[in-house]
Amino acid sequence: MDLVDWWYGLLGLSIPKAVIYTLIVTHATIVSVTIYLHRHMAHRALELSPGLSFFFRTWLWLTTGMSTKQWTAVHRKHHATTETEDDPHSPQVHGLKEIFWKGTEYYRAGCTPEELEKYGKGTPDDWWERHVFTPHSFWGIATMATVDILLFGSVGIVIWAVQMLWIPVLAAGVINGVCHAVGYRNFETPDAATNVVHWGILIGGEELHNNHHTYPNSAKFSVKPWEFDMGWFWIRLFSVFGLAKARSTGPVVARERGKVQIDMDTVWGALNDRFRVMSQYAESVVAPLARLEVRSADAATKRILRRAKSVLCREEMLVGERERRDIKAILESSPILKTIYEKRLELNAVWAKRGGSREDLLKAFKDWCVEAENTGIQALRDFVTELKSYTMPLGRATA
Ligand SMILES: [Zn+2]
Ligand SMILES: [Zn+2]
């Protein structure tokens, strides 16, 4: 082999082919992170065959050098402490720029040794983990560099560099930073998590981060019919070959049309689906009443009332000074919007009782429904009728 051959490597790929190769291998890394580390290890949302698990572990060792236990522990801690001082990587606490550019550093410093044991439970502790993957993380990425240079020569150095940067930029930077700062929200979770785009392809579906924080144990990240989750596409494909099996794809809940009695199953069903229930409240109660109020308001009030649905239904921690002023003005100008705003806060307070006794929870839920019906507001009455239709699937009854 002469110098020219070394320049192009054993395969001598053209630049377009090298780009396609790079996109395939970086996508494999993203799939390994989202399916193996995130959905399988950290959240136990799906089962994986031992062979596929081992492939993902090996691939992550070759392309990232990340430790399964460290990643899992930091991520579980993130869910347990989201947007607080203890959150390992909150842009709300540390600033978006800081998390975007130094995401990997925040990951490394994310857990104390005690937290690593606490949050890292259930991660692999076999011969490969103890003797290869964890102690020799450098050799994984060095092996990948050697393979890239042998196959593609000088271009291989660029391919390897892109592979090494892919996760620090896209996973640590975009998911941990941008996905808690910029984008849209389907659900008012008690954090700042956002969906960045409707189609999660580049980062394997992780773009749908608001959906994920709403249903963290679901193997599927897309919720709306127009959303696409690339990770879920792969899980479905692996399932066809018996290599993967989803444990959960959303809240355990059922609906029974015409049901009027409120029992413990109604409460559990509605509670499990509370984020969708609250988004339904925004769409079917707040939005139509706000539109009606806009029609009869003067020009100055109209401008504020148009923001009513957005500000009255926002998660409390995301309400800034300007929104607080708008809420005050809306409530002063419209008694009916004041009532439905207060009823919304009261319904949130019902969900907050879920850690207490069943009797208290059932009573609070029933009281809320009676008071909502007694307001005489038709949209609220219809909403209560919807709430009453909730129940638990057969075999999952809790009463
Ligand atoms: Zn998050
Ligand atoms: Zn997660």
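About the thresholds
For every chain, the first residue of the written sequence is number 1, and numbering continues from 1 onward in sequence order. The order in which chains are written sets their letters, starting at A; the order in which ligands are written sets their numbers, starting at 1. It should be noted that, the model being predicted, local features are given only for residues of pLDDT at least 70 and side-chain atom pairs only at 80 or more, the latter also being counted only at that level, while totals for whole chains, interfaces and linings use all residues. Only hydrogens and water are removed before side-chain values are computed, so all heavy atoms of the structure are retained for them. Metal sites are built from N, O and S donor atoms within 2.8 Å, or 3.2 Å for Na, K and Ca, and they leave out water, so they may look incomplete. Note on conventions: DSSP H or I runs of at least 4 residues are helices, E runs of at least 2 residues are strands, and numbering of each starts at the N terminus. Accessibility here uses a 1.4 Å probe with only protein chains present; expressed as a share of the type maximum, an area under 20% marks a residue as buried, one over 50% as exposed, and anything in between as partly exposed. Any two residues having at least one pair of non-hydrogen atoms within 4.5 Å are treated as being in contact. Pairs of N or O atoms within 3.5 Å make up the polar contacts considered here, provided that, within protein, one atom can donate a hydrogen while the other can accept it, and that residues adjacent in sequence are counted only when both atoms are side-chain atoms. We define the nonpolar core as a collection of buried residues of types Ala, Val, Leu, Ile, Met, Phe, Trp, Tyr and Cys that are connected through side-chain atoms lying within 4.5 Å of one another. Where each domain starts and ends follows an automatic or database-derived domain assignment. Here the quantity called buried area is the accessible surface, traced with a 1.4 Å probe, that two parts lose on coming together, added over both. We define a salt bridge as a contact between a side-chain nitrogen of Lys or Arg and a carboxyl oxygen of Asp or Glu at a distance within 4 Å. Classification convention: Asp, Glu, Lys, Arg as charged; Ala, Val, Leu, Ile, Met, Phe, Trp, Tyr, Cys, Pro as nonpolar; all other residues, Gly among them, as polar. Only protein atoms enter the 1 Å grid, on which a cavity is a set of points fitting a 1.4 Å probe that cannot get out and a pocket is an open set with protein on both sides within 12 Å along at least 5 of 7 lines, lining residues being those with an atom within 4 Å of a point. Grid points are joined across faces, edges and corners, and a volume is the space filled by probe spheres set on the points. Note on terminology: disulfide denotes any pair of cysteine sulfur atoms within 2.5 Å. Only two sets of limits are used to name each site, 85 to 135 degrees for every angle of a tetrahedral four-donor site, and over 155 degrees for opposite donors with all other angles from 65 to 115 for a square planar four-donor or octahedral six-donor site, with any other site named irregular.

Caption draft 1: Here's a closer look at the coordination of the zinc ion (ligand 2). Taken together, His38 (NE2), His43 (NE2), His75 (NE2), His79 (NE2) and His212 (NE2) make up the full set of protein donors to the zinc ion (ligand 2), lying 1.9 to 2.2 Å away. Counting gaps between the donor residues of the zinc ion (ligand 2) yields the pattern H-x4-H-x31-H-x3-H-x132-H. Of this pair, His43 sits in the loop between α2 (15-42) and β1 (46-48) while His79 sits in helix α4 (residues 68-80), and the two are 36 residues apart along the sequence. For His79, a relative accessible area of 21% translates into the label partly exposed.

Caption draft 2: Here's a closer look at the environment of His213. The topology assignment puts His213 in helix α11 (residues 209-214). For His213, a relative accessible area of 9% puts it in the buried group. When the C-alpha atoms of His213 and Tyr36 are compared, they prove to be 18 Å apart, with 177 residues separating the residues in sequence. Once you skip the residues sitting within four places of it in the chain, His213 turns out to touch His78, His79, Thr82, His180, Thr189, Asp191 and Ala193. A distance of 3.2 Å separates the side chain of His213 from the side chain of His78, its partner in a polar contact. A distance of 3.2 Å separates the side chain of His213 from the side chain of Asp191, its partner in a polar contact.

Caption draft 3: Structural context of the nonpolar core. Leu312, Leu337, Ile340, Trp351, Phe365, Trp368 and Leu387 are the most contacted members of the largest nonpolar core, which has 46 residues in total. When residues of this core are traced back to their parent elements, those giving at least two are α13 (264-272), α14 (274-296), α15 (299-305), α16 (308-312), α17 (321-333), α18 (335-351), α19 (358-374) and α20 (378-388). Examining the composition of this core, we find that nine residues originate from one element, α14, more than from any other. Sequence-distant contacts of Ile340, defined by excluding residues within four places in its chain, comprise Tyr281, Val285, Val286, Leu289, Ile377 and Leu380.

Caption draft 4: How the structure looks around the domain arrangement of the protein. Segmenting the protein into domains produces domain 1 (3-246) and domain 2 (255-391). A straight line from the C-alpha centre of domain 1 to that of domain 2 covers 37 Å. Contact residues are listed per partner, giving 11 residues for domain 1 and 10 residues for domain 2. In total, about 820 Å² of surface goes out of reach between domain 1 and domain 2, with carbon and sulfur atoms giving 66% of it. For domain 1, the biggest contributors to the area lost against domain 2 are Phe187, Glu188 and Tyr215; these three give 49% of the whole. Applying the counting criterion to the domain 1 and domain 2 interface returns zero salt bridges. Here the side of domain 1 that touches domain 2 is built from residues that sort into four nonpolar, three polar and four charged.

Caption draft 5: Region of interest: empty space enclosed by the protein. Within this structure, the stated rule accounts for three cavities of 30 Å³ or more. For the largest cavity, the full set of lining residues is Val33, His38, Trp71, His75, Tyr107, Ala171, Ile175, Asn176, Glu206 and His209. The residue makeup of the lining of the largest cavity, split by class, is five nonpolar, four polar and one charged. Estimates place the volume of the second largest cavity at around 60 Å³. Lining the second largest cavity are Leu37, Arg57, Leu60, Trp61, Thr64, Met66, Ser67, Thr68, Glu129 and Phe133. Going through the elements one at a time, α3 (50-63) and α8 (127-133) are the ones with two or more residues in the lining of the second largest cavity. Top element by residues in the lining of the second largest cavity is α3. It accounts for three residues. A per-class count over the lining of the second largest cavity returns five nonpolar, three polar and two charged.

Caption draft 6: The state of the cysteines, seen in detail. All told, the structure shown has zero disulfides when counted by the stated rule. Counting only cysteine sulfurs, Cys369 is the nearest neighbor of Cys313, a cysteine outside any disulfide, at a range of 18 Å. Judged by relative accessible area, which is 8%, Cys313 ranks as buried.

Caption draft 7: Region of interest: the coordination of the zinc ion (ligand 1). Surrounding the zinc ion (ligand 1) are the protein donor atoms His78 (NE2), His180 (NE2), His209 (NE2) and His213 (NE2), which sit 2.1 Å from the metal. For the zinc ion (ligand 1), the four donor atoms in the first shell make angles of 96 to 153° at the metal, a pattern classed as irregular. We note that the donor set of the zinc ion (ligand 1) lies within a single chain, spaced as H-x101-H-x28-H-x3-H. Separated by 29 residues along the polypeptide, His180 in the loop between α10 (154-175) and β2 (199-200) and His209 in helix α11 bring together distant segments of the chain. With a relative accessible area of 1%, His180 lands in the buried category.

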